[in-house]
Amino acid sequence: MSVPDDLAAAFTAHRTHLLGVAYRITGRFGDAEDAVQEAWLRLSAHPEGIRDLRAWLTTVVGRICLDQLKSAASQRERYVGSWLPEPLVTPLDGGDPLDLVVRDDGMRMAALVVLHSLTPEQRVAFVLHDAFGVPFPEIADTLGCTPATARQHASRARRIVEDADVPPRVDLDTQQAVLTEFLAAVATGNLDQLLRVLHPAAAVIGDGGGQVRTTINVITGRDKVARFLLGLRTMYGPQALAAFRLELVNGDLGLVLSAGHGPAARVSTFAFRDGQIAAVYDIANPDKLTHLELA
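Calculation criteria
- Residues numbered from 1 in each chain as written.
- Predicted model: local features only at pLDDT ≥ 70, side-chain atom pairs only at ≥ 80, totals over all residues.
- Heavy atoms only, no water.
- Helix = DSSP H or I, 4+ residues; strand = E, 2+ residues; numbered from the N terminus.
- Rg over C-alpha atoms; globule rule 2.2 N^0.38 Å.
- Buried < 20%, exposed > 50% of the residue type's maximum accessible area, 1.4 Å probe, protein only.
- Pairing = 2+ DSSP bridges.
- Contact = heavy atoms within 4.5 Å.
- Axes fitted to C-alpha atoms, helices over the stretch in contact; angles between N-to-C directions.

(A) Quick look at the overall build of the chain. When helices and strands are counted, the chain shows 12 helices and seven strands. Relative to the globule expectation of 19 Å for 295 residues, the C-alpha radius of gyration of the chain, 20 Å, shows essentially globular dimensions. In terms of its C-alpha atoms, the chain occupies a principal-axis envelope of roughly 65 × 40 × 35 Å. Within the chain, the proportion of its 295 residues that are buried is 47%.

Here's what the structure looks like:
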């Protein structure tokens, strides 16, 4: 069956939005693309009687993502170390279609980490309602529950997100200044300078998926983080930082290490609080770097 050109054009107009919905729920770009493609197949099979195409597609993508999360639950339970969302890397100078996705405040890594501590039902309800304005009766249909239960899922998720007190996104100029001092401190092995640029509650969270070396346990506290980072400097040498390139990672500044320039390809990004680095997220699991041009 041929698909009308106007339907294909209308779907394309919503594709970036749908990728943002699916990525925020699944934390995996490949899963997000699969969900959007499946939504297109469902639309092209039954294109009649849809009054609000954007709302319909958003709800359908939410339902597909929920199914993905349920099927992946056992894999998450067996995951080695911390699980971090797949990083979305875009150029500093813009021009990437994903720029529209990562601009949203909820797409920064710190916010996604909290989001993915929620149950699948809480996450779907919260994202669909709070981020994209889907009414609770439609969310209830997606979750297979009553509207009151859907509302409860979103309310519980909202409390967890608020209690997490995620650092707000700061402007790129501030990030650049803090990150420059941080990198200089690590490169020179200056412990005092490094302590000044790290927040007292700083943390390092690594995701190697059991395949690549990174920290398995979360490292917390300024002193422990500083000594861990300087230990890496001793292990790999001060010249190792030169192999990283600066890019945008989920809309914030991050460091990208290409394959062949270090022990393993990886993407690191940061959260900032009070003019200091509050968190370092180190994603080295190769399964989460497949869509990046790291070679």
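Once you've had a look at it, read on.
(B) Local environment of the sheet that holds strand 7 (residues 276–283). If you walk across this open sheet you meet the seven strands as 1-4-5-6-7-2-3, and the pairing is mixed. At either margin of the open sheet sits one strand with a lone partner, and together these are strand 1 (89–90) and strand 3 (219–220). Pairing of strand 2 (residues 198–207) with strand 7 involves six bridges; the strand directions are parallel. In the strand pairing of strand 7, Val204 is matched with Val280. Along the sheet face, helix 10 (residues 172–188) touches strand 2, strand 4 (244–249), strand 5 (252–257), strand 6 (266–273) and strand 7 and points at about 45° away from the line of strand 5. Running over the sheet, helix 12 (residues 222–236) touches strand 2, strand 3 and strand 7 and is turned about 50° from strand 2.

(C) Region of the structure containing the side chain of Arg108. As for its placement among the helices and strands, Arg108 is situated in the loop between helix 5 (99–102) and helix 6 (109–115). Given the relative accessible area of 8%, Arg108 is considered buried. With near-sequence residues (within four places) excluded, Arg108 lies in contact with Val166, Pro167, Pro168, Arg169, Asn250 and Asp252.

(D) Structural context of the environment of Ile205. Inspection of the secondary structure assignment puts Ile205 in strand 2. Taking the relative accessible area as the measure of exposure, Ile205 reaches 13% and is therefore buried. The spatial distance from the C-alpha of Ile205 to the C-alpha of Val225 is 10 Å, given a sequence separation of 20 residues. In contact with Ile205, not counting residues within four places along its chain, are Ser82, Leu84, Thr215, Val218, Ala279, Val280, Tyr281 and Asp282.

(E) Summary view of the pairing of strand 5. Burial analysis of strand 5 places six of its six residues in the buried class, which makes it a mostly covered element. Direction of pairing for strand 4 relative to strand 5: antiparallel, over a ladder of six bridges. Along strand 5, the bridge assignment pairs Leu248 with Leu253. The hairpin turn running from strand 4 into strand 5, its antiparallel successor, is two residues long, and Asn250 in that turn takes a positive phi close to 55°. As paired elements, strand 5 and strand 6 share four bridges and run antiparallel to each other. The residue bridging Gly254 from the neighbouring strand is Thr269, located in strand 6.

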